[in-house]
Amino acid sequence: MTTFKRHRGLTEQAADAAVDQACRMLRLPTIRAQFPELAEAAARDQMSYRGFLAELLMAECDDRARRRSERRIKAAQFPREKSLRAFDFEANPSVDPAVIHTLATCEWVKKGLPLCLIGDSGTGKSHLLIALGTEAAMAGYRVRYTLATKLVNELVEAADEKVLTKTIARYGRVDLLCIDELGYMELDRRGAELLFQVLTEREEKNSVAIASNESFSKAHMIRRTCARCCRNFTGSTGGRHRYGHGVGNQRGQLLRPAV
């Protein structure tokens, strides 16, 4: 076991070496990397010992929080990077920025409420789904993104391999499950029933966010499968654009959870 000998009046070179070694042992990579710069700034600004220590610890905490967010975003398996800042509200005037920014607070995820985005291709559903999922991951929630067809195929394979319960439980544990492109391809009865099991596992416990095109309201099997999940939705009070209000409504409003 390595121990440190305390010496008063260490040279700066010896002190730097001691700090470096201690940071390695304590696993403080940010302090180790930023210590020289922060030490110079503290001396220049005549910072107190307490203030200098606070700067070091806050730098470590901030960097750890950033790395945790990056790990959660990576674990979500988003197909590409999308942010709310990059969403063009001017090109999508019917999308209410106030509603989207309210959703970005993630209160609906905290409460385990559902969200559904319905509209034609090119209306920004997938962008918003990924961006809101990213916001949830950055807020500390466990998120998983998947295409509806990919999820159903995985469930079918799991059922064939007798590991369906384990697979459903894995999808049930995340705080937010984002299902994209639901309704683009019609599901057969078995696929719809397996998807329904995933939604049932999450109902009233964890949030699910769905993005779908118009056929979401036309496919009988999908409508029946998702009816329970969507019954708590309430629409925004915005204009009549190409987003559906609940299953089967073609008037077009961006959906949000009942908050």
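Predicted, not measured: the structure shown is a model, and the values here were computed from it.

### As for the side chain of Asn92
For Asn92, the position within the fold is in the loop between helix H3 (49-76) and helix H4 (97-103). According to the relative accessible area criterion, Asn92 is buried, its value standing at 16%. Leave out the neighbours within four places in its chain, and Asn92 touches Phe87, Gly122 and Thr123.

### Some points on the pattern of salt bridges
The full count for this structure, using the stated rule, is 10 salt bridges. Put simply, Arg24 and Asp20 hold a salt bridge, and the shortest N to O gap is 2.9 Å. Note that Arg24 and Asp20 are positioned in helix H1 (residues 12-26) at a spacing of 4 residues, about one turn of the helix. The class of Arg24 is exposed, set by a relative accessible area of 53%. Assessed through its relative accessible area of 25%, Asp20 is described here as partly exposed. Linking Glu201 and Lys205 is a salt bridge whose minimum nitrogen-to-oxygen distance equals 3.7 Å. Look at Glu201 and you get partly exposed, because its relative accessible area is 29%. Several salt bridges share partner residues, and in doing so they unite Asp63, Arg66, Arg67 and Glu70 into one network.

### With respect to the side chain of Thr146
Within the fold, Thr146 resides in strand S2 (residues 143-147). For Thr146, the residues in contact, after removing those within four places along its chain, are Leu151, Leu177, Cys178, Ile179 and Asp180.

### Some remarks on the pairing of strand S4 (residues 207-212)
The buried fraction of S4 is high, at 6 of 6 residues. Neither face of S4 is exposed, since Ser207, Ala209 and Ala211 on one face and Val208, Ile210 and Ser212 on the opposite face are all buried. Relative to S4, strand S1 (residues 115-118) is paired through 4 bridges, and the arrangement is parallel. Residue pairing for S4: Cys116 is matched across the bridge by Ile210. Note that strand S3 (residues 176-182) and S4 share 5 bridges and pair parallel. In the sheet register, Leu177 faces S4, and the bridge partner there is Val208. In this fold, S3 hands off to helix H9 (residues 189-202), which returns the chain to S4; that crossover is right-handed.

### A few points about the packing of aromatic side chains
Each aromatic ring pair is summarised here by two numbers: the centre-to-centre distance and the angle between the ring planes. For the structure shown, the criterion picks out 3 aromatic pairs. Ring geometry for Phe78 against Tyr145: centres 6.1 Å apart, planes inclined by 55°, an arrangement best described as tilted. Placement of Phe78 in the loop between H3 and H4 and of Tyr145 in strand S2 is noted, with a sequence separation of 67 residues between them. Note on Tyr145: relative accessible area 6%, which makes it buried.

Rules of the game
- Residues numbered from 1 in each chain as written.
- Predicted model: local features only at pLDDT ≥ 70, side-chain atom pairs only at ≥ 80, totals over all residues.
- Heavy atoms only, no water.
- Helix = DSSP H or I, 4+ residues; strand = E, 2+ residues; numbered from the N terminus.
- Buried < 20%, exposed > 50% of the residue type's maximum accessible area, 1.4 Å probe, protein only.
- Contact = heavy atoms within 4.5 Å.
- Salt bridge = Lys/Arg side-chain N within 4 Å of Asp/Glu carboxyl O.
- Pairing = 2+ DSSP bridges.
- Right-handed = clockwise from strand over helix to strand, strands pointing away.
- Phe/Tyr/Trp six-rings, centres within 6.5 Å; stacked < 30°, edge-to-face > 60°.

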